[in-house]
Amino acid sequence: MSERASGSSLQRPREAPARRRRGRATGGCTAVVIVLAKAPVPGRVKTRLCPPATPEQSARVASAALLDSLDAARAVPGARTVVAFAGDLSAAVGEPELRAALTGCDVVEQRGDGLGERIAAAHADTAALHPGLPTVQIGMDTPQVTTALLTGCLDALSTSDSLLGHATDGGWWVLGLNDPRRASVLADVPMSRTDTGDLTRQALEASGLRVAAVGELTDVDTADEAVLVADEAPDGRFAAVVAELGGVFRAGTPA
């Protein structure tokens, strides 16, 4: 995963119909969607949007992005949502709506010193909660992700050990694993670099996994990227907030 992205056009993965997935059902679910999330507290999220946005405005953008991501994850048929969460939700922008969206999700605390360790831990904790189930993991930087897109990613795991979707900045936006415990190989992979996607794929392949590729998406970190993604996915909360703050992001001046 990454903290930067360019404004390249999206090349969406094929949204295939769901087939029976490997793994045993737990509690009626046959797969898990993991969302790696951080409390949208002003000054602690989306700091590269400042300027032109204020810390409060950036936190509103992050909150909307997280809510859209949770909507997509929670609607995946036959899947449970696990949220690996960091930060103080009580200080977050949009706290009541976020608490409501987290209802029914399994929420685990992020742990580990770096992003690679936190990703590995999130998968390990998910494997403990839902043993034997395949996972796909996203963050909160791609609010354009849809339920159909996530369903297609899970379906791709029917014929591969893992999958990886690169981000346009060189990182990645989605990781899928038939055995989430295998994410342990990512603990030492450098994250938030222009070669993170390539290094992640190399680590997976070096551990003996077949890696399926899905199309790249744009992470939202800058004002230009916020406008690009809002234009690509105009119907969600994220696009509504960006439109409301249009004077900030499109003109590059504080509202």
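Residues numbered from 1 in each chain as written. Predicted model: local features only at pLDDT ≥ 70, side-chain atom pairs only at ≥ 80, totals over all residues. Heavy atoms only, no water.

- The name given to the chain in an unreviewed UniProt entry is Glycosyltransferase A (GT-A) superfamily protein (DUF2064 family), and the organism recorded there is Pseudonocardia endophytica.

### As for helix α7 (residues 237-244)
Side chains three or four residues apart in an α-helix point the same way, a direct result of the helix having 3.6 residues per turn.
Okay, step 1: Residues of α7 that are buried include every one of F238, A239, V241 and V242, and no others. The buried residues of α7 occupy an angular sector of 160° when the element is viewed end-on, so they sit on one face. Among the exposed residues of α7, those pointing more than 90 degrees away from its buried face are A243 and E244.
Okay, step 2: Residues of α7 that are buried in the fold lie against α1 (55-74), α6 (223-232) and α8 (246-249). (Buried < 20%, exposed > 50% of the residue type's maximum accessible area, 1.4 Å probe, protein only. Helix = DSSP H or I, 4+ residues; strand = E, 2+ residues; numbered from the N terminus. Arc of directions from axis to C-beta. Contact = heavy atoms within 4.5 Å.)

### Quick word on unusual backbone geometry
Okay, step 1: The residue after C50, namely P51, is reached through a cis peptide bond having omega -15°.
Okay, step 2: With respect to the helices and strands, P51 occurs in the loop between β1 (31-38) and α1.
Okay, step 3: At K46, a residue that is not glycine, the phi angle is positive and equals roughly 50°.
Okay, step 4: With respect to the secondary-structure elements, K46 resides in the loop between β1 and α1.

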